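Secondary and tertiary structure notes
Listed here are the chains, written in short residue letters.
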Amino acid sequence: MFQREYVRKPSFVQINCAVRDARAKGETFIQLIWGENQLTLEKHSNGWNGQGWIGKTGGSDIAQKINRNGG
């Protein structure tokens with residue numbers, strides 16, 4: 001499990017970097033938190049699933065991007 005909590009709103013680039021780093025370490029459950037907002041990614045046998053939002057960045061959008069690029 002990879003979890004990162006932000007004090008200030010993370011940018012799209014910061015979110016992508018955190019997800020990339022967690023995946024490089026072999027993590028299959030990623031949770032990013034900013035205040036009351038959170039973004040969760042979980043790897044299943046059929047690919048990545050995402051939930052939640054931080055700003056305009058959605059977990060499902062990131063999961064779809066990962067799955068399109070070969071997960």
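Relevant structure appears above.
Here's what I pulled together on the structure shown here. (Residues numbered from 1 in each chain as written. Predicted model: local features only at pLDDT ≥ 70, side-chain atom pairs only at ≥ 80, totals over all residues. Heavy atoms only, no water.)

Moving on, we come to the overall build of the protein chain. If you tally the helices and strands in the protein chain, you get two helices and five strands. On C-alpha atoms alone, the protein chain measures out to a radius of gyration of 11 Å, which is about the 11 Å that the 2.2 N^0.38 rule sets for 71 residues. Projected onto the principal axes, the alpha-carbon positions of the protein chain cover approximately 30 × 20 × 20 Å. The buried share of the protein chain, reckoned over its 71 residues, is 35%. Within the protein chain, residue pairs in contact and separated by at least 24 positions form 35% of the contacts whose partners lie at least 6 positions apart. With the model as given, the accessible surface of the protein chain reaches about 4700 Å², and the carbon-plus-sulfur share is 45%. For the protein chain, the distance from the average site of its 10 positive side-chain charges to the average site of its 6 negative ones is 9 Å. (Helix = DSSP H or I, 4+ residues; strand = E, 2+ residues; numbered from the N terminus. Rg over C-alpha atoms; globule rule 2.2 N^0.38 Å. Buried < 20%, exposed > 50% of the residue type's maximum accessible area, 1.4 Å probe, protein only. Contact = heavy atoms within 4.5 Å. Areas by Shrake-Rupley, 256 points an atom, 1.4 Å probe, with all protein chains shown as cover. Lys, Arg positive; Asp, Glu negative; His and termini not counted. Charge placed at Lys NZ, Arg CZ, Asp CG, Glu CD.)

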